[in-house]
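Read off the chains here:
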Amino acid sequence: MAAENIDDVVDGLAGIVREAGRAGDRVGYFAALYRQVTVEVRTAIHGGLFEDGARMDRFDTFFGNRHFDAYDAWRRDQSGPRCWREAFGLLDDADTVIVQHLILGVNAHINLDLAIAAARTSPGEAIHALRHDFLLINDILGRVVLAVQDSVGALSSLLSLLDQVAARADERILDFSMV
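What you are looking at is a predicted structure, and each value in this text was computed from that prediction instead of being measured.

### Section: the packing of aromatic side chains
Within the structure shown, the criterion is met by eight aromatic pairs. For the pair Tyr-34 and Phe-63, a centre-to-centre distance of 5.9 Å together with 80° between the ring planes defines the contact as edge-to-face. Here Tyr-34 is found in helix 2 (residues 27-46), whereas its partner Phe-63 is found in helix 3 (residues 53-77), with 29 residues between them in sequence. Across the pair, exposure class does not vary: Tyr-34 and Phe-63 are buried alike. Judged by centre distance (5.9 Å) and plane angle (35°), the ring pair of Trp-74 and Phe-88 falls under tilted. Highlighted residues: Trp-74 in helix 3 and Phe-88 in helix 4 (residues 82-89), separated in sequence by 14 residues. Given the relative accessible area of 5%, Phe-88 is considered buried. Joined through ring pairs, the aromatic side chains of Phe-30, Tyr-34, Phe-59, Phe-63, Tyr-71, Trp-74, Trp-84, Phe-88 and Phe-134 make up one cluster.

### A few points about a nonpolar patch on the surface
On the surface, Val-97, Val-99 and Ile-103 cluster together into a nonpolar patch covering about 230 Å² of accessible area. For Ile-103, the location among the structural elements is in helix 5 (residues 98-121).

### With respect to the environment of Ile-16
Residue position: Ile-16 is located in helix 1 (residues 6-23). Placed 14 residues apart in sequence, Ile-16 and Phe-30 show a C-alpha to C-alpha distance of 9.8 Å. Contact partners of Ile-16, with chain neighbours within four places excluded, come to Met-1, Val-27, Ala-31, His-67, Phe-68 and Tyr-71.

### Quick look at the packing of helix 2 against helix 3
In contact at an axis separation of 10 Å, helix 2 and helix 3 are set at 170° when each is read in the N-to-C sense. Relative to helix 3, helix 2 is oriented roughly antiparallel. Contacts from Val-27, Phe-30, Tyr-34, Thr-38, Val-41 and Ile-45 of helix 2 reach helix 3 at Gly-53, Met-56, Asp-57, Asp-60, Phe-63, Gly-64, His-67, Tyr-71 and Arg-75. Split by residue class, the contact of helix 2 with helix 3 holds eight nonpolar, four polar and three charged.

### Thoughts on the packing of helix 3 against helix 4
The packing of two helices is summarised by the inter-axis angle and the distance between the axes. In contact at an axis separation of 10 Å, helix 3 and helix 4 are set at 60° when each is read in the N-to-C sense. Classified by the angle between their axes, helix 3 and helix 4 sit oblique to one another. Classified by chirality, the crossing of helix 4 by helix 3 is right-handed. Contacts between helix 3 and helix 4 pair His-67, Ala-70, Tyr-71 and Trp-74 from the former with Trp-84, Arg-85, Phe-88 and Gly-89 from the latter.

Conventions used here
For every chain, the first residue of its written sequence is number 1, and the numbers climb from 1 along that sequence. A pLDDT threshold of at least 70 governs which residues receive local features in this predicted model, and a stricter bar of 80 or more applies before side-chain atom pairs are shown or counted, although totals over entire chains, interfaces and linings include all residues. Excluded from the side-chain calculation are hydrogens and water; included are all heavy atoms of the structure. Two aromatic rings, drawn from Phe, Tyr or Trp (for Trp, its six-membered ring), form a pair once their centres lie within 6.5 Å of each other, and the interplanar angle then sorts them: stacked below 30 degrees, edge-to-face above 60, tilted otherwise. The secondary structure listing takes helices from DSSP runs of H or I that are at least 4 residues long and strands from runs of E that are at least 2 residues long, numbered from the N terminus. Accessible area is worked out with a 1.4 Å probe on protein chains only. A residue is then buried under 20% of its type maximum, exposed over 50%, and partly exposed in between. Without a salt bridge and with relative accessible area above 30%, a residue can belong to a patch; like charges are then joined within 9 Å and nonpolar side chains (Val, Leu, Ile, Met, Phe, Trp, Tyr) within 5 Å. Surface accessibility in these figures is a Shrake-Rupley result with a 1.4 Å probe; residues are shielded only by whichever protein chains are displayed. Every case where a carboxyl oxygen of Asp or Glu lies within 4 Å of a side-chain nitrogen of Lys or Arg is listed as a salt bridge. The contact definition used throughout considers only heavy atoms, calling two residues in contact when any of these lie within 4.5 Å. Axis definition: a line fitted to C-alpha atoms, limited for helices to the stretch in contact. Angles are taken between N-to-C directions and run from 0 to 180 degrees. Comment on the angle field: the value is read as roughly parallel under 35 degrees, roughly antiparallel over 145, roughly perpendicular from 65 to 115, and oblique elsewhere. When residues are grouped by polarity, Ala, Val, Leu, Ile, Met, Phe, Trp, Tyr, Cys and Pro land in nonpolar, Asp, Glu, Lys and Arg in charged, and all others, Gly among them, in polar. Left-handed describes a crossing in which the near helix is turned anticlockwise from the far one by less than a right angle; the clockwise case is right-handed.

Set out below in C-alpha coordinates:
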(Lines give C-alpha, C1' and ligand atoms only; values in the text may rest on other atoms or scores of the structure.)
Protein backbone atom coordinates (compact mmCIF):
# COMPACT_ATOMS: atom_id res chain seq x y z
CA MET A 1 0.00 0.00 0.00
CA ALA A 2 1.17 3.54 -0.66
CA ALA A 3 -0.24 6.70 0.83
CA GLU A 4 -0.46 9.97 -1.10
CA ASN A 5 -1.45 12.12 1.91
CA ILE A 6 -2.11 11.92 5.63
CA ASP A 7 -5.71 10.81 5.07
CA ASP A 8 -4.40 7.79 3.17
CA VAL A 9 -2.04 7.03 6.08
CA VAL A 10 -4.96 7.07 8.53
CA ASP A 11 -7.03 4.88 6.22
CA GLY A 12 -4.17 2.44 5.62
CA LEU A 13 -3.53 2.07 9.34
CA ALA A 14 -7.25 1.60 9.98
CA GLY A 15 -7.20 -1.21 7.39
CA ILE A 16 -4.31 -2.92 9.18
CA VAL A 17 -6.15 -2.62 12.50
CA ARG A 18 -9.37 -4.03 11.01
CA GLU A 19 -7.59 -6.96 9.41
CA ALA A 20 -5.58 -7.64 12.56
CA GLY A 21 -8.77 -7.63 14.60
CA ARG A 22 -10.44 -10.13 12.30
CA ALA A 23 -7.37 -12.37 12.28
CA GLY A 24 -6.48 -11.99 15.95
CA ASP A 25 -3.08 -10.68 14.81
CA ARG A 26 -0.99 -8.69 17.28
CA VAL A 27 0.31 -6.47 14.46
CA GLY A 28 -2.77 -4.37 15.17
CA TYR A 29 -1.42 -3.11 18.51
CA PHE A 30 1.20 -0.79 17.06
CA ALA A 31 -0.98 0.10 14.05
CA ALA A 32 -3.76 1.23 16.41
CA LEU A 33 -1.37 3.41 18.42
CA TYR A 34 0.19 4.82 15.27
CA ARG A 35 -3.24 5.51 13.74
CA GLN A 36 -4.31 7.46 16.82
CA VAL A 37 -1.13 9.57 16.76
CA THR A 38 -1.66 10.22 13.05
CA VAL A 39 -5.27 11.28 13.62
CA GLU A 40 -4.03 13.75 16.26
CA VAL A 41 -1.33 15.06 13.91
CA ARG A 42 -3.93 15.50 11.16
CA THR A 43 -6.16 17.40 13.58
CA ALA A 44 -3.23 19.67 14.49
CA ILE A 45 -2.50 20.24 10.79
CA HIS A 46 -6.13 21.21 10.13
CA GLY A 47 -6.10 23.40 13.25
CA GLY A 48 -3.11 25.37 11.95
CA LEU A 49 -0.89 24.37 14.88
CA PHE A 50 2.16 23.47 12.80
CA GLU A 51 4.40 26.11 11.26
CA ASP A 52 3.88 24.51 7.86
CA GLY A 53 0.84 22.23 7.67
CA ALA A 54 1.47 21.18 4.07
CA ARG A 55 5.03 20.19 4.95
CA MET A 56 3.77 18.13 7.91
CA ASP A 57 1.27 16.37 5.65
CA ARG A 58 4.14 15.47 3.28
CA PHE A 59 6.32 14.41 6.22
CA ASP A 60 3.59 12.23 7.70
CA THR A 61 2.96 10.66 4.30
CA PHE A 62 6.65 9.76 3.86
CA PHE A 63 6.71 8.51 7.45
CA GLY A 64 3.57 6.42 6.99
CA ASN A 65 4.86 4.93 3.75
CA ARG A 66 8.01 3.78 5.57
CA HIS A 67 5.80 1.78 7.93
CA PHE A 68 3.65 0.44 5.10
CA ASP A 69 6.76 -0.63 3.17
CA ALA A 70 8.09 -2.52 6.20
CA TYR A 71 4.69 -4.07 6.88
CA ASP A 72 4.27 -5.14 3.24
CA ALA A 73 7.80 -6.60 3.11
CA TRP A 74 7.15 -8.58 6.29
CA ARG A 75 3.84 -9.91 5.00
CA ARG A 76 5.34 -10.77 1.61
CA ASP A 77 8.48 -12.66 2.67
CA GLN A 78 9.43 -11.60 6.20
CA SER A 79 11.99 -9.15 4.85
CA GLY A 80 12.43 -5.42 5.36
CA PRO A 81 14.60 -3.36 7.69
CA ARG A 82 16.09 -5.36 10.55
CA CYS A 83 14.42 -3.33 13.31
CA TRP A 84 11.02 -4.02 11.74
CA ARG A 85 11.87 -7.70 11.23
CA GLU A 86 12.68 -7.90 14.94
CA ALA A 87 9.42 -6.17 15.87
CA PHE A 88 7.25 -8.20 13.52
CA GLY A 89 9.16 -11.38 14.35
CA LEU A 90 7.84 -11.33 17.91
CA LEU A 91 4.18 -11.05 16.94
CA ASP A 92 3.60 -14.76 17.49
CA ASP A 93 5.65 -14.99 20.69
CA ALA A 94 3.14 -15.60 23.48
CA ASP A 95 5.62 -14.28 26.07
CA THR A 96 5.70 -10.82 24.45
CA VAL A 97 3.10 -8.53 26.02
CA ILE A 98 1.14 -5.69 24.41
CA VAL A 99 3.42 -2.97 25.75
CA GLN A 100 6.47 -4.72 24.31
CA HIS A 101 4.82 -4.82 20.86
CA LEU A 102 4.05 -1.11 21.15
CA ILE A 103 7.60 -0.22 22.21
CA LEU A 104 9.17 -2.38 19.49
CA GLY A 105 7.04 -0.64 16.85
CA VAL A 106 7.72 2.82 18.28
CA ASN A 107 11.45 2.06 18.40
CA ALA A 108 11.61 0.90 14.79
CA HIS A 109 9.46 3.71 13.48
CA ILE A 110 11.06 6.56 15.40
CA ASN A 111 14.68 5.43 15.38
CA LEU A 112 14.78 4.48 11.69
CA ASP A 113 11.82 5.84 9.75
CA LEU A 114 11.61 9.26 11.40
CA ALA A 115 15.08 10.33 10.30
CA ILE A 116 14.51 9.13 6.74
CA ALA A 117 11.13 10.89 6.47
CA ALA A 118 12.57 14.09 7.96
CA ALA A 119 15.51 14.10 5.53
CA ARG A 120 13.18 13.48 2.61
CA THR A 121 10.77 16.20 3.66
CA SER A 122 13.42 18.81 4.44
CA PRO A 123 16.78 17.89 2.91
CA GLY A 124 20.09 19.40 4.03
CA GLU A 125 19.97 22.53 6.13
CA ALA A 126 16.19 22.79 5.66
CA ILE A 127 15.82 20.04 8.27
CA HIS A 128 16.31 22.63 11.02
CA ALA A 129 12.97 24.19 10.08
CA LEU A 130 11.23 21.06 11.41
CA ARG A 131 12.24 21.71 15.04
CA HIS A 132 9.08 23.51 16.20
CA ASP A 133 6.81 21.00 14.52
CA PHE A 134 8.75 18.04 15.95
CA LEU A 135 8.34 19.44 19.45
CA LEU A 136 4.61 19.68 18.84
CA ILE A 137 4.56 16.05 17.71
CA ASN A 138 6.36 15.10 20.96
CA ASP A 139 3.48 16.71 22.87
CA ILE A 140 0.94 14.80 20.78
CA LEU A 141 2.81 11.52 21.36
CA GLY A 142 2.85 12.14 25.10
CA ARG A 143 -0.92 12.67 25.21
CA VAL A 144 -1.69 9.64 23.06
CA VAL A 145 0.65 7.38 25.02
CA LEU A 146 -1.16 8.27 28.25
CA ALA A 147 -4.52 7.45 26.68
CA VAL A 148 -3.21 4.18 25.25
CA GLN A 149 -1.67 3.25 28.59
CA ASP A 150 -5.04 3.73 30.26
CA SER A 151 -6.69 1.56 27.61
CA VAL A 152 -4.09 -1.19 27.90
CA GLY A 153 -4.33 -0.95 31.69
CA ALA A 154 -8.03 -1.70 31.41
CA LEU A 155 -7.11 -4.93 29.58
CA SER A 156 -4.14 -5.87 31.75
CA SER A 157 -4.53 -5.88 35.51
CA LEU A 158 -0.73 -6.31 35.81
CA LEU A 159 -0.02 -3.15 33.79
CA SER A 160 -2.66 -1.26 35.73
CA LEU A 161 -1.10 -2.34 39.03
CA LEU A 162 2.38 -1.46 37.79
CA ASP A 163 1.18 1.99 36.79
CA GLN A 164 -0.37 2.54 40.21
CA VAL A 165 2.79 1.43 42.03
CA ALA A 166 5.25 3.26 39.76
CA ALA A 167 3.14 6.43 39.73
CA ARG A 168 4.23 8.23 36.56
CA ALA A 169 7.84 6.97 36.41
CA ASP A 170 7.03 4.88 33.35
CA GLU A 171 5.75 7.95 31.49
CA ARG A 172 8.94 9.86 32.27
CA ILE A 173 11.01 7.00 30.89
CA LEU A 174 8.89 6.72 27.75
CA ASP A 175 8.79 10.50 27.27
CA PHE A 176 12.59 10.63 27.53
CA SER A 177 12.88 7.85 24.96
CA MET A 178 10.57 9.60 22.50
CA VAL A 179 12.07 13.08 22.90
